[in-house]
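Below are the chains, spelled out letter by letter.
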Amino acid sequence: MESFDLIVVGAGIVGLSTTWRARKAGARVLVLDKGPTAYEASSRATGFLSLRGETPDESRLAQVAEKLWDTLDDDLGYPTEWTQKGRLWAAVTPREHEELKQSYLGFQKTGIPFELIDGQACRDLVPALSPETLGGIYTSRAGHANPQRTSHAFAWAFRDLGGEIREYAPVLEILTESGKVKGVRTAQGEIHAGAMVLSAAAHNAALLAPLGIDFPVAPVRLEAFVTAPLPPLFDQAIVAHGLAIRQTLRGNIHVNGGPHEWLDAGTANDMPKPTTPIVRNIARRLFEVFPSLRNAQMLRSWAGIIDVTPDQITTIHPFDTPAGLIACASAGHGFGMSPALGLALSDLALNGQTDLPITDLTLARFAALPKDWRRVWNWQPGSYNT
Ligand SMILES: Cc1cc2nc3c(=O)[nH]c(=O)nc-3n(C[C@H](O)[C@H](O)[C@H](O)COP(=O)(O)OP(=O)(O)OC[C@H]3O[C@@H](n4cnc5c(N)ncnc54)[C@H](O)[C@@H]3O)c2cc1C
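A brief structural summary. Since this is a predicted model, take the numbers as computed values, not measurements.

## What to know about the packing of helix α1 (residues 13-24) against helix α6 (residues 147-160)
Part 1: Where α1 contacts α6, the axes come no closer than 9 Å and their chain directions differ by 30°. Looking at the two axes, α1 sits roughly parallel to α6. Classified by chirality, the crossing of α6 by α1 is left-handed. For the pair formed by α1 and α6, the contact residues are Ile 13, Leu 16, Ser 17, Thr 19, Trp 20 and Arg 23 on the first element and Thr 150, Ser 151, Phe 154, Ala 155, Ala 157 and Phe 158 on the second.
Part 2: Grouping the constituent residues of the contact of α1 with α6 by class yields seven nonpolar, four polar and one charged.

This is the structure we're talking about:
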């Protein structure tokens with residue numbers, strides 16, 4: 001019978017960051033994925049680190065991630081293309097402008113230097129922005145990196161330490177014994193470990209359900225595209241008009257957002273294809289923010305699934321029963337948070353505790369959540385958020 005100190009289910013960036021940390025701490029770790037390494041959300045992300053100004057409870061963990069990003073290239077030994085040139089939320093409609101002013105009130109609770117600036121100040125920072133820009137929120141902190149490179153940098157660094165990622169090895173069942181986690185069942189048989197991290201994004205819910213655990217998460221499909229490389233236009237992370245936009249090191253404009261569709265947990269097993277009307281919607285929004293991009297060539301488009309929690313805040317939950325089991329859902333911002341999530345999850349798995357600020361992020365906050373929350377909020381399969 002194969003046996004490890006820790007089994008990590010899911011070789012996305014959260015699982016990979018966890019395994020790398022745990023392996024560095026000397027643990028014997030196995031990562032299992034139902035498909036190739038980082039083939040789902042992690043390689044499809046835009047690559048922002050958000051400091052979570054919207055959610056002060058989570059912002060402290062995001063600021064831990066921010067510090068870890070600073071040395072990540074050196075720590076991993078591979079480039080992530082991390083750059084920290086600030087983040088700008090820009091409003092191009094009066095409604096967006098009002099919403100930003102409201103958000104700013106909450107942002108101030110984080111202690112991070114966010115500034116409310118007018119349209120001209122936005123255009124001074126990013127001259128390519130539309131003349132219609134009415135105002136924005138700016139912070140010189142936050143940043144972005146290359147999701148493909150970063151995910152694989154974690155995987156390579158883990159393998160360099162002798163770690164094993166077993167691809168095309170779906171976990172079929174979580175095994176428990178006497179109130180503790182015992183291991184997993186795969187098509188090849190049982191594999192045992194006294195600690196387990198579930199980082200299978202929205203798929204966590206299906207793995208936990210047979211244990212009688214309700215893991216509140218709603219999969220949602222998000223679409224993205226990149227343009228062909230362009231001369232340098234901006235290096236900040238831009239959030240505007242329902243889009244997240246960055247310019248890559250090679251000059252591509254990388255954008256995601258627009259309407260996104262709630263999915264059935266069951267259908268989240270198949271990666272969805274982008275749909276032309278939604279890509280067109282993203283393109284229209286992009287031109288309204290950056291009129292000069294109207295002539296840019298689109299290179300490729302894709303879609304990905306994110307694991308949205310009811311309050312859109314990360315969940316990290318160490319279970320009392322079965323002991324040794326920890327589950328994570330990163331609510332759509334797990335890429336940027338991944339260095340801190342991996343550290344917290346590894347600590348919890350190997351030591352049963354962590355000094356990182358996660359106490360507000362457990363499932364306890366959902367004690368009063370109605371069972372049919374997705375129906376009540378119309379977050380049901382087939383509905384769209386715009
Ligand atoms: C278009 C898009 C843009 C985004 N932009 C950003 C951004 O700018 N900044 C940001 O912070 N976040 C962003 N995100 C969100 C971010 O990508 C995710 O929060 C993050 O990648 C989650 O990582 P993960 O490892 O938890 O999940 P995933 O990368 O989805 O990995 C989960 C893994 O679990 C595996 N798995 C599932 N079930 C099983 C099973 N039964 N057995 C074994 N393996 C299993 C899957 O195959 C998968 O590889 C974006 C997401 C999308 C789709």
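## Brief notes about the nonpolar core
Part 1: Leu 6, Leu 61, Trp 69, Ile 316, Leu 341 and Leu 345 are the most contacted members of the largest nonpolar core, which totals 56 residues.
Part 2: It is helix α9 (residues 334-351) that provides the largest number of residues to this core, a total of eight residues.
Part 3: Formed by 27 residues, the second largest nonpolar core is a distinct cluster that contains Ala 205, Leu 207, Phe 319 and Leu 363.

## Brief notes about α1
For an α-helix, the turn length of 3.6 residues means that residues three or four places apart are oriented alike.
Part 1: In a regular helix each residue adds 1.5 Å, so 12 residues correspond to 16 Å; α1 covers 16 Å between its end C-alpha atoms and thus fits that length.
Part 2: Immediately beyond the C-terminal end of α1, within one or two residues, lies Gly 26, with a positive phi of roughly 100°.

## Observations regarding the site of the ligand
Part 1: Around the ligand sit 34 residues in total, of which Asp 33, Ser 42, Val 171, Gly 334 and Gly 336 are the nearest.
Part 2: Between the ligand and Ile 13 there is a distance of 3.2 Å, counted from an oxygen atom to a backbone nitrogen or oxygen.
Part 3: Within the side chain of Ser 42, an N or O atom sits 2.5 Å from an oxygen atom of the ligand.
Part 4: When the free accessible area of the ligand is taken as 1000 Å², the share hidden by the protein chains comes to 96%.

## Here we look at the environment of Thr 139
Part 1: Turning to its location among the elements, Thr 139 is positioned in strand β6 (residues 135-139).
Part 2: Sequence-wise, Thr 139 and Phe 114 are 25 residues apart; in three dimensions their C-alpha atoms are separated by 4.8 Å.
Part 3: Setting aside residues up to four positions removed in sequence, Thr 139 forms contacts with Gly 86, Arg 87, Trp 89, Ile 112, Pro 113 and Phe 114.
Part 4: Among the polar contacts listed, one links the side chain of Thr 139 to the backbone oxygen of Pro 113, at a separation of 3.3 Å.
Part 5: Among the polar contacts listed, one links the side chain of Thr 139 to the backbone nitrogen of Arg 141, at a separation of 3.1 Å.

## With respect to unusual backbone geometry
Part 1: With an omega dihedral of -5°, the bond running from Thr 321 to Pro 322 counts as a cis peptide bond.
Part 2: Within the element layout of this structure, Pro 322 appears in the loop between β17 (315-318) and β18 (325-329).
Part 3: Positive phi values are uncommon outside glycine, yet Glu 81 reaches one of about 65°.
Part 4: With respect to the helices and strands, Glu 81 occurs in the loop between α3 (56-76) and β4 (87-91).
Part 5: Since its relative accessible area comes to 13%, Glu 81 is described here as buried.
Part 6: You will see that Ala 331, though not glycine, has its phi angle at about 60°, which is positive.
Part 7: Position of Ala 331 relative to the elements: it lies in the loop between β18 and α9.
Part 8: Judged by its relative accessible area of 7%, Ala 331 is buried.

## Here's the deal with the packing of aromatic side chains
The description of two aromatic rings rests on the distance between their centres and on the angle between their planes.
Part 1: A full pass over the atoms with the stated rule returns 12 aromatic pairs.
Part 2: Here the aromatic residues Trp 262, Trp 373, Trp 377 and Trp 379 are joined through ring pairs into a cluster of three or more.
Part 3: Note that Arg 44 overlies the ring of Tyr 39, its terminal NZ or CZ placed 4.7 Å from the centroid.

## Some thoughts on α9
Part 1: The largest bend in α9 amounts to roughly 45° and is located at Ala 340.
Part 2: For α9, the buried fraction is high: 15 of the 18 residues fall into the buried class.

## Remarks on the pairing of strand β14 (residues 243-247)
Part 1: Burial runs high along β14: five of the five residues are buried.
Part 2: In β14, alternate side chains face the same way, and those of Leu 243, Ile 245 and Gln 247 on one face and Ala 244 and Arg 246 on the other are all buried.
Part 3: Relative to β14, strand β13 (residues 237-240) runs antiparallel, the two sharing three bridges. Its bridge partner being in β14, Ile 238 is matched across the sheet by Ile 245.
Part 4: Adjacent in sequence and paired antiparallel, β13 and β14 are bridged by two residues, among which His 241 carries a positive phi angle near 60°.
Part 5: Direction of pairing for β14 relative to strand β15 (residues 253-262): antiparallel, over a ladder of five bridges. Each residue of the ladder has a partner; that of Arg 246, found in β15, is His 254.
Part 6: Where β14 folds back on β15, the antiparallel hairpin that results is connected by five residues, among which Gly 251 adopts a positive phi of roughly 105°.

Analysis parameters
- Within each chain, residues carry numbers counting from 1 in the order of the written sequence.
- Owing to the predicted nature of the model, reporting of local features is limited to residues with pLDDT of at least 70; listing and counting of side-chain atom pairs is limited to 80 or more, with chain, interface and lining totals taken over all residues.
- Working from all heavy atoms in the structure, the side-chain values ignore hydrogens and water.
- Only the stretch in contact is used when a helix axis is fitted, and all axes are lines through C-alpha atoms; the angle between N-to-C directions ranges over 0 to 180 degrees.
- Here a helix means four or more residues in a row that DSSP labels H or I, a strand means two or more in a row labelled E, and each is numbered from the N terminus.
- What sets the label is the angle itself: under 35 degrees gives roughly parallel, over 145 gives roughly antiparallel, 65 to 115 gives roughly perpendicular, and the rest give oblique.
- Crossing chirality is assigned from the near helix's rotation relative to the far helix, an anticlockwise turn below a right angle marking it left-handed and a clockwise turn marking it right-handed.
- Residue contacts are counted whenever heavy atoms from the two residues lie within 4.5 Å of one another.
- Each residue receives one of three labels: charged for Asp, Glu, Lys and Arg, nonpolar for Ala, Val, Leu, Ile, Met, Phe, Trp, Tyr, Cys and Pro, and polar for the others, Gly being one of them.
- Nine residue types can take part in a nonpolar core, namely buried Ala, Val, Leu, Ile, Met, Phe, Trp, Tyr and Cys, and a core is a set of them joined through side-chain atoms within 4.5 Å.
- The cut-offs for exposure are 20% and 50% of the maximum accessible area for each residue type, with area from a 1.4 Å probe on protein chains only; residues under the lower value are buried, those over the upper are exposed, and the others partly exposed.
- Here, expected helix span is obtained from the residue count minus one, scaled by 1.5 Å.
- One heavy atom within 4 Å of a molecule or strand is enough for the residue carrying it to be called near that molecule or strand.
- Definition of a polar contact: a pair of N or O atoms within 3.5 Å, with one able to donate and the other able to accept a hydrogen when the atoms are protein atoms, and with sequence-neighbouring residues admitted only if both atoms are side-chain atoms.
- Computed with a 1.4 Å probe, the accessible areas rest on the Shrake-Rupley method; for each residue, only the protein chains presented here act as cover.
- Two aromatic rings, drawn from Phe, Tyr or Trp (for Trp, its six-membered ring), form a pair once their centres lie within 6.5 Å of each other, and the interplanar angle then sorts them: stacked below 30 degrees, edge-to-face above 60, tilted otherwise.
- Lysine NZ or arginine CZ positioned within 6 Å of the ring centre and within 35 degrees of the ring normal marks a charge as sitting over the ring.
- At every residue, the bend is computed as the angle between two fitted axes, covering the seven residues ending there and the seven beginning there respectively.
- Each pair of strands is called paired provided DSSP finds at least two bridges between the two strands.

Honestly, it's all geometry; don't read function into it.
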